[in-house]
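Listed below are the residues making up each chain.
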Amino acid sequence: MIDFIKARLNMVESQIRTNKVTDDGVIAAFETTPREIFVPRAKRGIAYVDEALEIGAGRYMLEPMVLARLLQAALPAKGDLALDIGCGTGYATAILSKMVSTVVGIDVEKDLVERGNACLSELVIENAALVDGALTDGYSKGGPYNVILINGAVEEIPQVLFDQLADGGRLVTVEGGASNRPCLAMLYEKYDG
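Our subject in this report is the structure included herewith.

Conventions we followed
Residues numbered from 1 in each chain as written. Predicted model: local features only at pLDDT ≥ 70, side-chain atom pairs only at ≥ 80, totals over all residues. Heavy atoms only, no water. Axes fitted to C-alpha atoms, helices over the stretch in contact; angles between N-to-C directions. Helix = DSSP H or I, 4+ residues; strand = E, 2+ residues; numbered from the N terminus. Left-handed = near helix turned anticlockwise from the far one by under 90°. Contact = heavy atoms within 4.5 Å. Nonpolar A, V, L, I, M, F, W, Y, C, P; charged D, E, K, R; others polar. Pairing = 2+ DSSP bridges. Right-handed = clockwise from strand over helix to strand, strands pointing away. Phe/Tyr/Trp six-rings, centres within 6.5 Å; stacked < 30°, edge-to-face > 60°. Buried < 20%, exposed > 50% of the residue type's maximum accessible area, 1.4 Å probe, protein only. 1 Å grid on protein atoms, 1.4 Å probe; cavity = no way out; pocket = protein on both sides within 12 Å on 5 of 7 lines; lining within 4 Å. Points joined across faces, edges and corners; volume = space filled by probe spheres on them.

1. Regarding the packing of helix α1 (residues 4-16) against helix α2 (residues 24-32)
Here's step 1: With their axes 8 Å apart at the nearest point, α1 and α2 run at an angle of 145 degrees to one another. Classified by chirality, the crossing of α2 by α1 is right-handed. In this structure, α1 uses R8, L9, M11, V12, E13 and I16 to contact α2, whose residues at the interface are I27, F30, E31 and T32.
Here's step 2: Per-class residue counts for the contact of α1 with α2 are six nonpolar, one polar and three charged.

2. Looking at the pairing of strand β5 (residues 128-132)
Here is the key point about a regular strand: its side chains alternate between the two faces of the sheet.
Here's step 1: Inspection of the sheet shows strand β4 (residues 102-107) paired to β5 by five bridges, in the parallel sense. Bridged to D107 within β5 is D132.
Here's step 2: In terms of handedness, the path from β4 via helix α5 (residues 110-122) over to β5 forms a crossover that is right-handed.

3. Observations concerning the packing of aromatic side chains
Here's step 1: Applying the stated criterion across every chain, the model contains four aromatic pairs.
Here's step 2: Between F4 and Y48 the ring centres are 6.5 Å apart and the planes differ by 50 degrees, which places this aromatic pair in the tilted class. A residue pair is termed long-range when its members are at least 10 positions apart, and F4 in helix α1 and Y48 in the loop between α2 and β1 (53-56) qualify at 44 residues.
Here's step 3: Taking the relative accessible area as the measure of exposure, F4 reaches 23% and is therefore partly exposed.
Here's step 4: With a relative accessible area of 9%, Y48 lands in the buried category.

4. Observations regarding unusual backbone geometry
Here's step 1: A cis amide bond, omega 0 degrees, links G143 with the succeeding residue P144.
Here's step 2: With respect to the secondary-structure elements, P144 resides in the loop between β5 and β6 (145-154).
Here's step 3: One non-glycine residue, K20, adopts positive backbone phi at about 65 degrees.
Here's step 4: The residue K20 is located in the loop between α1 and α2 in this model.
Here's step 5: Residue K20 is classed as exposed on the basis of its relative accessible area, which comes to 65%.
Here's step 6: Positioned with a positive phi, L75 is a non-glycine residue whose angle comes to about 50 degrees.
Here's step 7: By secondary structure assignment, the location of L75 is in the loop between α3 (64-74) and β3 (81-85).

5. Focus on the sheet that holds strand β8 (residues 184-189)
Here's step 1: Strand order across the open sheet formed by six strands is β5-β4-β3-β6-β7-β8, with mixed pairing between neighbours. Where the open sheet ends on each side, the last strands, each with one partner, are β5 and β8. On average, each strand axis in the sheet is inclined to that of its neighbour by 15 degrees, with strand direction left out of account.
Here's step 2: Docked against the sheet, α5 engages β4 and β5, running at close to 165 degrees with respect to β5.

6. Examining the pairing of β1
Here's step 1: Sheet topology note: the β1/strand β2 (residues 59-61) ladder contains three bridges and is antiparallel. When the sheet's bridge partners are listed, E54 is paired in β2 with Y60.
Here's step 2: If you look at the hairpin formed by β1 and β2, you'll find two residues sitting between the two strands, and A57 has a positive phi there, around 55 degrees.

7. What to know about the layout of surface pockets
Here's step 1: Of the pockets and cavities examined, the largest pocket occupies roughly 310 Å³.
Here's step 2: Here the lining of the largest pocket is built from residues that sort into 12 nonpolar, four polar and three charged.

Printed below as a string of structure tokens:
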């Protein structure tokens, strides 16, 4: 039987800390959030490998190191409102819930949203919820947001997402992926509109 607690701590020590993640809040959130709950049962044994994991409907959960680096760049704080776009089953939403006051995850795949809300309930996470909707529309009902995480690679960011950022807000994502363009982690900050 797999010792998931040991696997999770090993992930933090060997994948996250060794890749320039030093923020105590980010590290603590990863140490205390069981990634195996958010992956399909058949993949729980590999939940802590350093790669993106398919979670269903052709969707993938970001590898832990990439997610940790993005969140560290976003500087989430206790009073912040956060939006997790492309949340899948809600792992990043659960991580964010430990660092901000409220987080909304949005995904176009209703089945993943339902599974994710069940995971959040199982973990008794009360300051987070997942909703289904178009990823390019964001979720204006809960904004403006201090932190927006686009959970995966995008070619370009729709203006509507920048519109949902609060003044001083931060948006993080991975841009690129087309054959002629490498992927880059990006941080956008909004000031004076």
